[in-house]
Each structure stands twice: as structure tokens, then as C-alpha cells.
Amino acid sequence: TPLLNYLAAAEAAQSQGDANQRDEYLKLAADIDSQNLAVALTRAKLQFRQQQYEQAVATLHDIQHEHSRNPVLLALLKDCYLKLEDWKPLLAQLPQLEKLGVITAEEAAELQIKAECGLMTHITQQNGSEGLMGHWNSLNRKTKQRPELIACFVRLMSSHSADSEAYTVLRDALKKNNNDEDLIELVPALNLADYHPAIVRLQDLLRYDSSNPSTYSALGQLFMREEKWEEAKKHFEKAIELRPNMADYGYLVDVMEKLNDSEAAADLSRQALTLALPVKN
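We now turn to the structure provided with this report. Here, residues in each chain are numbered from 1, in the same order as that chain's written sequence. Only residues with pLDDT of at least 70 are given local features in this predicted model, and only at 80 or more are side-chain atom pairs given and counted; all residues enter the totals for whole chains, interfaces and linings. No hydrogens and no water enter the side-chain calculation; it runs on all heavy atoms of the structure.

Remarks on the overall build of the chain
- Starting at the N terminus, helices and strands are each numbered in turn, a helix being any DSSP run of H or I of at least four residues and a strand any DSSP run of E of at least two. Scanning the chain for helices and strands turns up 16 helices and 0 strands.
- Each radius of gyration reported is based on C-alpha atoms, and the globular scaling rule is 2.2 Å times the count of residues to the power 0.38. In summary, the chain has a C-alpha radius of gyration of 27 Å against a globular reference of 19 Å for 281 residues, an excess of more than 25%.
- Along the first, second and third principal axes, the C-alpha set of the chain runs to 85 × 50 × 30 Å.
- Out of the 281 residues in the chain, the part that is buried amounts to 41%.
- Here, residues are in contact when the closest pair of their heavy atoms is within 4.5 Å. Counted over contacts in the chain with a minimum sequence separation of 6, partners at least 24 positions apart contribute 50%.
- Each charge class in the chain was averaged separately, 30 positive and 41 negative side chains, and the resulting centres sit 4 Å apart. Summary of the burial criterion: residues with accessible area below 20% of their type's maximum are buried, those above 50% are exposed, and those between are partly exposed, where the area comes from a 1.4 Å probe applied to protein chains only. All tallies of charge rest on Lys and Arg as positive and Asp and Glu as negative; His and the ends of each chain are not included. Charged groups are reduced to one reference atom each: NZ for lysine, CZ for arginine, CG for aspartic acid, CD for glutamic acid.

Below is the structure:
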């Protein structure tokens, strides 16, 4: 009972913003039973609420070897890693979290993507595109096949002017993910010295799926880069036919102006405006 009273008093002190009094009550509780799991978990929870994430991790690590399967401890440790953006230990912990039912398989997959992308971001900030490429090559094949991680890698490489290397990975990924719209939409976002190979790759995708508006839109944008206005017009019209989209309308307006068809450009602008306006009941 005294131990529980001290823990309750520590909670109350925290709620009043008195961290010193909180720690005093926790010390008194620990004096009664220094190995008590409830004492350590309460300390870590209160540290977490106080945004003392590193201290909370240290508290949890002190007891983790004796309570390595405790779901409350593992869940709190996961939350601390997320707050600290400490991606490596989080990635190492995910299999155990899923195995013990602390998180679902779907949650584990989402956290893996978040952590892997976060780790790639940190590596890029510290070591640039060369460091990121080295890290990417070190990943296992299954991880490198995740479209979300491919997209993260491509964006990070492009942000450091390594568009050509990014396209090489993206091109290979599109061979296996030939209808992934998120990956397809990344192609025209890259700054390439020669867009012809990318155009050929996208045209190949249409053989697998001739009704993907993202592929037509991406091709239209690449033909714009090459100033092939008629080809661009044809592809944007097909993209809009399949999926009316404000961005594609905007591109097509620009194309029609390049073709000196101001009347068609004005008509398209009106159509786009209609698309943008909310539907009235």
C-alpha cells in the first residue's frame, strides 16, 4: 500500500507540474522495492508525458532484460523511439512487437515504412546521396521492393541532385510495379539529361495497362519537356478522359497555348474551373 500511495502521489505531482516532487515520490517508492516493475513503468510513463523521452528510454532499458516480454514496456519503448526518431532500435524491435501482439501486422508494416524512410532521411542529411545509395544497396531485396520505400528513396536522391541514379532504381521498380501510380508520377518529377529512355519505359507500361491515367499524364509531361506539343496534347486528353484532374487540365491549357489554340485553352480553363467548384445540392 505505501508503494502504491507513492506512485499515486508521483502522478499527482506530475499533473501539478512539479517534477522535483514527482521524482521524490518515485525515489521513495523505489526505496521500498527498487526492482518493482510498476515503479519503473510509472517513472517511464511520467517521463514520457513530460517529454523526457531519453530519460524514459534509459528507465525502460534498466528493466528490459528482466521484463523483455512485457507489452506495456515494449509499447512505451516504441513510442519513445518514435518521438526521438531513433529508427534503428525501432526497426530491430518491430518483429518482437508483432510476435507478442503489441501491434498488428498492418501496424508493423506501416511502422517499418516510417522507420526505414526516416533512417534514409537521416543518412541523406549526414552523408548525402552517396551515403543514401550505399545504404539502399545494403538493404535486403524484400525491403527494396516496397513501393513506398522506393518512392522515399527517389525523392531523397532527387532532393540532392542525384536524379539519374534515382531514375535507375525507379526504372527497375516499374518493371515489377507497372501500374503503381505513385511511382509512375515520380518519373516526370526527375530532372534528367535525356528523357527518351523514360518515355520508352512509360510507353511500355501502357502495353500492360492502357487505362492508367497516371501513365498518360507522365508521358504528357515528358513530351512537354521535349516540346512535342501534339504528343503531349494527345496524352493529356487521354489522362483527363480517364480521370479529370486539375493538374492535367493546367498542363493541357499550356500545351494548347503553345499550339496557338487560345480558344481551346480558354474552354479547357472553364472546364477546369467547373471541376474545381464544389457541387451544389
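Let's talk about the packing of helix α3 (residues 37-49) against helix α4 (residues 53-64)
- Structural elements are reduced to axes, namely lines fitted to C-alpha atoms, with helices fitted over the stretch in contact, and the angle between N-to-C directions of any two is expressed from 0 to 180 degrees. Packing of α3 against α4 brings their axes to within 8 Å, and their N-to-C directions diverge by 165°. Compared by their axis directions, α3 and α4 come out roughly antiparallel. Crossing handedness for the pair α3 and α4: left-handed. Residues Leu37, Ala40, Leu41, Arg43, Ala44, Gln47 and Phe48 of α3 lie in contact with α4, whose contacting residues are Tyr53, Gln55, Ala56, Thr59, Leu60 and Ile63. Roughly parallel covers angles under 35 degrees, roughly antiparallel covers those over 145, roughly perpendicular covers 65 to 115, and oblique covers all other angles. Two helices cross in a left-handed way if the nearer one is turned anticlockwise from the farther one by less than a right angle. They cross in a right-handed way if the turn is clockwise.

Considering the state of the cysteines
- Working definition: a disulfide is two cysteine sulfur atoms within 2.5 Å of each other. The tally for this structure, following the rule as stated, stands at 1 disulfide.
- In this model Cys117 forms its disulfide with Cys152; the gap between the sulfur atoms is 2.0 Å. Negative torsions about the S-S bond denote left-handed disulfides, and the value of about 80° found for Cys117 with Cys152 makes this one right-handed. Placement of Cys117 in helix α7 (residues 105-138) and of Cys152 in helix α9 (residues 147-159) is noted, with a sequence separation of 35 residues between them.
- By relative accessible area, Cys117 is classed as partly exposed at 22%.
- Overall, Cys152 belongs to the buried group, its relative accessible area being 7%.

Here's the deal with the pattern of salt bridges
- A pairing counts as a salt bridge when a side-chain nitrogen of Lys or Arg comes within 4 Å of a carboxyl oxygen of Asp or Glu. Following the criterion strictly, the structure yields 13 salt bridges and no others.
- In this structure, Lys228 and Glu226 form a salt bridge, with 3.4 Å as the shortest nitrogen-oxygen distance.
- A salt bridge links Lys238 to Glu241, with the shortest nitrogen-to-oxygen separation between them at 3.6 Å. Of this pair, Lys238 and Glu241 both sit in helix α14 (residues 229-242), 3 residues apart, roughly one helical turn.

The values are spatial; any link to function lies outside them.
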